[in-house]
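Structural overview for review
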Amino acid sequence: MKHTRIRPFNTKATYPEQKLDNDLCQAVVARGSMVFLRGQIGQNLDTSESVCIGDVSGQAEQAMANIAMLLKEAGGELQDICKITIYIIDPRYREAVYLVVGRWLKGVFPVSTGIVVSALARPEWLVEIDATAVIPD
């Protein structure tokens, strides 16, 4: 691993009542160039078109694809992610969204915070994911 991950765990053990499989940790120690990503949603970055209207899993897929693309453009990769924050507008979306995020970040072990909010910037957006990465020197 590029960064020191403190107390890594998988959500299978932490939330056995849910079908989650996310590799997370309690803290990350990182050195390098910090990359702060804007919250990503179900929107195509090239066209600004909202995608997967009404499909929270599809919007999470697009958000994660955007994160991967932006990190690549910044000279990094998903393994450089230290912190993610996931915003959903309905607590019932948690499992669907975390399954998508868990697949994209398998083996990364970022610190993660999940928040339920009343709305996002557009009514068609169901999930927003932001990330902070550190590209090692």
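Conventions we followed
Residues numbered from 1 in each chain as written. Predicted model: local features only at pLDDT ≥ 70, side-chain atom pairs only at ≥ 80, totals over all residues. Heavy atoms only, no water. Core = buried A, V, L, I, M, F, W, Y, C linked by side-chain atoms within 4.5 Å. Buried < 20%, exposed > 50% of the residue type's maximum accessible area, 1.4 Å probe, protein only. Helix = DSSP H or I, 4+ residues; strand = E, 2+ residues; numbered from the N terminus. Contact = heavy atoms within 4.5 Å. Salt bridge = Lys/Arg side-chain N within 4 Å of Asp/Glu carboxyl O. Pairing = 2+ DSSP bridges. Right-handed = clockwise from strand over helix to strand, strands pointing away. Axes fitted to C-alpha atoms, helices over the stretch in contact; angles between N-to-C directions. Parallel < 35°, antiparallel > 145°, perpendicular 65-115°, else oblique. Left-handed = near helix turned anticlockwise from the far one by under 90°. Nonpolar A, V, L, I, M, F, W, Y, C, P; charged D, E, K, R; others polar.

1. Structural notes on the nonpolar core
Formed by 26 residues in total, the largest nonpolar core has its most connected members in I67, I81, I86 and V97. At the level of secondary structure, the elements contributing two or more residues to this core comprise α2 (56–73), β6 (81–88), α3 (94–104) and β8 (127–135). The leading source of residues in this core is α2, at six residues. Leave out the neighbours within four places in its chain, and V97 touches V56, A60, I86, I88 and V127.

2. Things to note about the pattern of salt bridges
Close approach of charged atoms allows side chains of opposite charge to pair. Tallying each qualifying case throughout the model produces five salt bridges. Two residues, K106 and D23, come together in a salt bridge whose shortest N-O distance is 3.6 Å. Here K106, found in the loop between α3 and β7 (111–116), pairs with D23, found in strand β3 (residues 23–24); they are 83 residues apart in sequence, far enough to count as distant. With a relative accessible area of 43%, K106 lands in the partly exposed category.

3. Re the pairing of β7
Both β6 and β7 contribute to a ladder of six bridges, which runs parallel. Along β7, the bridge assignment pairs I88 with V116. Taking the sense of rotation as the criterion, the β-α-β connection linking β6, α3 and β7 turns out right-handed.

4. Observations regarding the side chain of T85
By the element assignment, T85 lies in strand β6. When sequence neighbours within four positions are dropped, the list of residues in contact with T85 reads T113, I115, E128, I129 and D130.

5. Overview of the environment of G102
Mapped onto the secondary structure, G102 falls in helix α3. Along the chain, G102 and A63 lie 39 residues apart, while their C-alpha atoms are 13 Å from each other.

6. Points about the packing of α2 against α3
Here α2 crosses α3 at 30 degrees, and the two axes come no closer than 8 Å. Regarding the angle of α2 to α3, the classification is roughly parallel. The two elements α2 and α3 cross, and the hand of that crossing is right-handed. Packed against α2, whose contacting residues are V56, S57, A60, E61, M64, A65 and A68, the element α3 presents A96, V97, V100, V101, R103 and W104 at the interface. Looking at the contact of α2 with α3 residue by residue, the classes come out as 10 nonpolar, one polar and two charged.

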